[in-house]
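Below, each chain spelled out in residue letters.
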6 protein chains.
Amino acid sequence: MSESVQLIPGDSLITATPQEGRELAIKMARLIIKVTQPDAEVRGRLRGVYAEDAAMLIAIGQTVATEFTTIAAANNYWR
Amino acid sequence: MSESVQLIPGDSLITATPQEGRELAIKMARLIIKVTQPDAEVRGRLRGVYAEDAAMLIAIGQTVATEFTTIAAANNYWR
Amino acid sequence: MSESVQLIPGDSLITATPQEGRELAIKMARLIIKVTQPDAEVRGRLRGVYAEDAAMLIAIGQTVATEFTTIAAANNYWR
Amino acid sequence: MSESVQLIPGDSLITATPQEGRELAIKMARLIIKVTQPDAEVRGRLRGVYAEDAAMLIAIGQTVATEFTTIAAANNYWR
Amino acid sequence: MSESVQLIPGDSLITATPQEGRELAIKMARLIIKVTQPDAEVRGRLRGVYAEDAAMLIAIGQTVATEFTTIAAANNYWR
Amino acid sequence: MSESVQLIPGDSLITATPQEGRELAIKMARLIIKVTQPDAEVRGRLRGVYAEDAAMLIAIGQTVATEFTTIAAANNYWR
């Protein structure tokens, strides 16, 4: 794994809206998978697995929820 | 996946009541699944799987609890 | 699922005591399962499954712990 | 399940020391299992299962860690 | 289980450095397993299981991460 | 396991950028696995397992997300 891969688009946790914060959470979660499995072909194959697996879809939701907790706090909840 | 999908209804974490906050947590959790598996037919089939599976129902509860932690803090716990 | 189902008894996170906060955490966790699987007969059957399964009982404990984190913060830890 | 079961010994999150806070976390996690599976004989049997299962022991550790997060914050980390 | 087992070395969450905080997180996680499975021989056997199992090693990482969240906050992040 | 292994590069949670914070989260998560399974050959073999397993890749994402929550708070979210 090369640590030089971009792990946070824009290198900032600050976003204009909650929607953008949510999109960032999804991207950050995906980039961890990308950096752990750099082979795009393998990732494509695994995508076919988790997209059809209820338990894995729920687990993805859990990961995004955790990432979002951090992003929301960083943005003071866009209050 | 298209990031243009609405991920937070109303694009705000602020709700009038805890009940509405809880409903938002459920919706946000579902929208992550929707954006990861955009095919409504597949999602409908998987719903039949997790709704009959005790372990998955518990896992859904865990995800909603995590989303709600963020929403409740955003609303200063509706104190 | 109908979002009109009551998801938080009393529609408040504030409780008089930690004990009541803990009871609220249990109820909130259950209500997510209820709203995801509205069929009482199916839930009754699944209860028989998770109540005899060590891994699922532990997972329920994890979910309640997460719900309680939010409730305890809302109540300023009943200090 | 009867909600009248004691869920937090002493009905308080405040403890004199971190050690006592840790013990409280363990007890709180156990009491959720007790209230979900009130049959002492079944719980005894399941204890034999999880005490010999590495994955379940790790999961118990995760639950206690989450409970402790709340208790430690309640006690201002015993600083 | 005897609650008199030492659960936090030094009975304090305060450490001099992040490194020591991390070591404390590992020890605290282990002590929960020890108190749940007091038989050293069984624990030794289970160690052989989880040390060769990728999923369990990841789960151990998750538990340590949660313990460390508490310890880091207690130490005001060693800022 | 030797506790003298370096668990946090630089022995600090403070980083210049979110990107570096994310890299630190990945490293910290890996170092827990390293300290739990010190045999590099075994770790290499297990890497081949989790890098091809969708559920494990998601679980790694969950662990990194939890580590990052702590690091982001330590850095006051790089605001």
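So, here is what we can say about the structure in this document. (Residues numbered from 1 in each chain as written. Chains lettered and ligands numbered in written order. Predicted model: local features only at pLDDT ≥ 70, side-chain atom pairs only at ≥ 80, totals over all residues. Heavy atoms only, no water.)

## So, the environment of Thr 69 of chain B
Quick reminder of the rule: Under the scheme used here, helices are H or I runs from DSSP no shorter than 4 residues and strands are E runs no shorter than 2 residues, and both carry numbers assigned from the N terminus. Relative accessibility thresholds used throughout: buried, under 20% of the residue-type maximum; exposed, over 50%; partly exposed, between the two (1.4 Å probe, protein chains only). Here, two residues are considered to be in contact whenever any of their heavy atoms come within 4.5 Å of each other. The term polar contact refers here to a pair of N or O atoms within 3.5 Å; inside protein, the definition further demands a hydrogen-donor-capable atom paired with an acceptor-capable atom, and it admits residues adjacent in sequence only when both atoms are side-chain atoms.
As for its position among the elements, Thr 69 of chain B is in helix α3 (residues 54–74). Overall, the relative accessible area of 23% leaves Thr 69 of chain B in the partly exposed class. Each C-alpha atom of the pair Thr 69 of chain B and Ser 12 of chain B lies 15 Å from the other, and the pair is 57 residues apart in sequence. With residues up to four places along the chain from it excluded, the contact list for Thr 69 of chain B reads Thr 66 and Thr 70 of chain C. A polar side-chain atom of Thr 69 of chain B sits 2.9 Å from a polar atom in the side chain of Thr 70 of chain C.

## A few points about the side chain of Gln 62 of chain A
Residue position: Gln 62 of chain A is located in helix α3 (residues 54–74). By relative accessible area, which is 13% here, Gln 62 of chain A ends up buried. At a separation of 3.2 Å, a polar atom in the side chain of Gln 62 of chain A contacts the main-chain amide nitrogen of Thr 63 of chain B. Here the side chain of Gln 62 of chain A touches Thr 66 of chain B through a polar contact of 3.0 Å, side chain to side chain. Setting aside chain neighbours within four positions, we find Gln 62 of chain A in contact with Gln 62, Thr 63 and Thr 66 of chain B together with Gln 62 of chain F.

## Thoughts on the packing of aromatic side chains
Selection criterion: Pairing of aromatic rings covers Phe, Tyr and the six-membered ring of Trp, with a centre-to-centre limit of 6.5 Å; geometry is then stacked below 30 degrees between planes, edge-to-face above 60, and tilted otherwise. Lysine NZ or arginine CZ positioned within 6 Å of the ring centre and within 35 degrees of the ring normal marks a charge as sitting over the ring.
In the structure shown here, the tally under the stated rule is 6 aromatic pairs over all chains. Relative to Trp 78 of chain A, the ring of Phe 68 of chain A lies with its centre 5.7 Å away and its plane at 15 degrees, an arrangement referred to as stacked. Of the two residues, Phe 68 of chain A sits in helix α3 while Trp 78 of chain A sits in the segment after α3, which places them 10 residues apart along the sequence. Residues Phe 68 of chain A and Trp 78 of chain A agree in their burial class; the two are buried. One cation-aromatic arrangement involves Arg 22 of chain D over Phe 68 of chain D; the distance from NZ or CZ to the ring centre is 4.8 Å.

## A look at the relation of the copies chain F and chain A
Short version of the rule: The copies were overlaid with a least-squares fit restricted to C-alpha atoms from residues scoring a pLDDT of at least 70 in each copy.
It takes a turn of 60 degrees to lay chain F on chain A, together with a shift of 0.0 Å along the axis; the resulting RMSD is 0.0 Å. Look at the turn and shift together and you get a six-fold axis relating the two. Scanning chain F for the C-alpha nearest the rotation axis identifies Thr 66 of chain F, at a separation of 6.8 Å. Interface overlap between copies is the fraction of interface residues in one copy that are interface residues in the other; for chain F against chain A it is only 14%, indicating separate surfaces.

## Regarding the relation of the copies chain D and chain E
Note on the copies: chain D fits chain E at an RMSD of 0.0 Å, the axial shift is 0.0 Å, and the rotation between them is 60 degrees. With a heterologous cut-off of 20% or less, the 14% of interface residues of chain D that recur at the interface of chain E puts this contact in the heterologous class.

## Regarding the environment of Phe 68 of chain B
Phe 68 of chain B sits in the buried class, given a relative accessible area of 0%. Phe 68 of chain B sits 40 residues away from Met 28 of chain B along the chain, and the two C-alpha atoms are 9.6 Å apart.

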